[in-house]
Amino acid sequence: TLTFKKMIKHKVTILLILAIQSCFSQNLLETINAYNSSILDNTKEYKMLIISDSSCGYCQITYKELQKFTSKIQIIILDYHEDNSSEIEKFNNYKFIPAREISEIKEQDFFPILFLYDKNNKLIWSKKGWFDSNLKKIRKKTNYQDYSN
């Protein structure tokens, strides 16, 4: 019974962490909209919010890999890197927001973190880190058809 109690406690802890993350991620778009109401593009079917440090190699891979989705997904990057002018120029169809300007969003210790929202700004997928499998998940969640492959 001791291991059963530990198992239950472990599961409750995981559920609590997931609930907190879900609440945090649901409010991110609202926080960004309050910061600047012209950032969100309601003509796009989906929005991808990336909590990022543009000097991070995995974040740069993420930016590059998501370019193929920009016809359907608005890419918003909450960037923790101070000198990101080269990334802003290179990925000029993305919206870069300096993370330091939004005090409601706490410091992050992991990059990138991706949040995918539907047209109603409801969170439909999130992931910490960049993996090749992310592309498959994003395609599936957005019904994205890539006929070039």
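Our subject is the structure that appears above.
This section reports on the structure supplied with the text. The structure presented is a predicted model; accordingly, all values stated were derived computationally and were not measured.

## Some thoughts on the sheet that holds strand E3 (residues 95–98)
Backbone-to-backbone hydrogen bonds join strands into a sheet, with any given pair of strands oriented parallel or antiparallel.
Piece 1. With respect to topology, five strands assemble into an open sheet ordered E3-E2-E1-E4-E5, the strand pairing being mixed. Among the strands making up the open sheet, the edge pair consists of E3 and strand E5 (123–128). Across the sheet, the mean angle separating the axes of adjacent strands is 15 degrees when strand polarity is ignored.
Piece 2. Where strand E1 (residues 46–52) lies against strand E2 (residues 73–79), seven bridges are found, and the strand directions are parallel. Across the sheet, the residue bridging to Tyr46 is Ile73, located in E2.
Piece 3. Against the sheet, helix H2 (residues 57–66) engages E1, E2, E3 and strand E4 (113–117), with an angle of about 165 degrees to E1.
Piece 4. Contacts from helix H4 (residues 133–142) reach E1, E2, E4 and E5, with the element oriented near 175 degrees to E5.

## Concerning the packing of aromatic side chains
Piece 1. In this structure the tally under the stated criterion is six aromatic pairs.
Piece 2. Seen from their ring centres, Tyr63 and Phe91 are 5.4 Å apart, and the 70 degrees between their planes marks the pair as edge-to-face. Here Tyr63, found in helix H2, pairs with Phe91, found in the loop between helix H3 (85–90) and E3; they are 28 residues apart in sequence, far enough to count as distant.
Piece 3. Given the relative accessible area of 0%, Tyr63 is considered buried.
Piece 4. Measuring from ring centre to ring centre gives 5.8 Å for Tyr63 and Phe96, while their planes differ by 85 degrees; the resulting arrangement is edge-to-face. Remark: Phe96 occurs in strand E3 and Tyr63 occurs in helix H2; sequence separation between them is 33 residues. For the residue pair Tyr63 and Phe96, the accessibility class agrees, reading buried in each case.
Piece 5. Taken together, the ring pairs connect Tyr63, Phe91, Tyr94 and Phe96 into an aromatic cluster.
Piece 6. Lying over the aromatic face of Phe110, Lys128 brings its terminal NZ or CZ to 5.6 Å of the ring centre.

## Description of the pattern of salt bridges
Piece 1. In total, this model carries two salt bridges according to the counting rule given.
Piece 2. The residue Glu82 makes a salt bridge to Arg100 at a minimum N-O spacing of 3.3 Å. In this pair, Glu82 sits in the loop between E2 and H3 while Arg100 sits in the loop between E3 and E4, placing the two residues 18 residues apart along the sequence.
Piece 3. The exposure class of Glu82 is exposed, given its relative accessible area of 54%.
Piece 4. According to the relative accessible area criterion, Arg100 is exposed, its value standing at 53%.

What counts, and where the lines are drawn
- Residues numbered from 1 in each chain as written.
- Predicted model: local features only at pLDDT ≥ 70, side-chain atom pairs only at ≥ 80, totals over all residues.
- Heavy atoms only, no water.
- Pairing = 2+ DSSP bridges.
- Helix = DSSP H or I, 4+ residues; strand = E, 2+ residues; numbered from the N terminus.
- Axes fitted to C-alpha atoms, helices over the stretch in contact; angles between N-to-C directions.
- Contact = heavy atoms within 4.5 Å.
- Phe/Tyr/Trp six-rings, centres within 6.5 Å; stacked < 30°, edge-to-face > 60°.
- Buried < 20%, exposed > 50% of the residue type's maximum accessible area, 1.4 Å probe, protein only.
- Lys NZ or Arg CZ within 6 Å of the ring centre and 35° of its normal.
- Salt bridge = Lys/Arg side-chain N within 4 Å of Asp/Glu carboxyl O.

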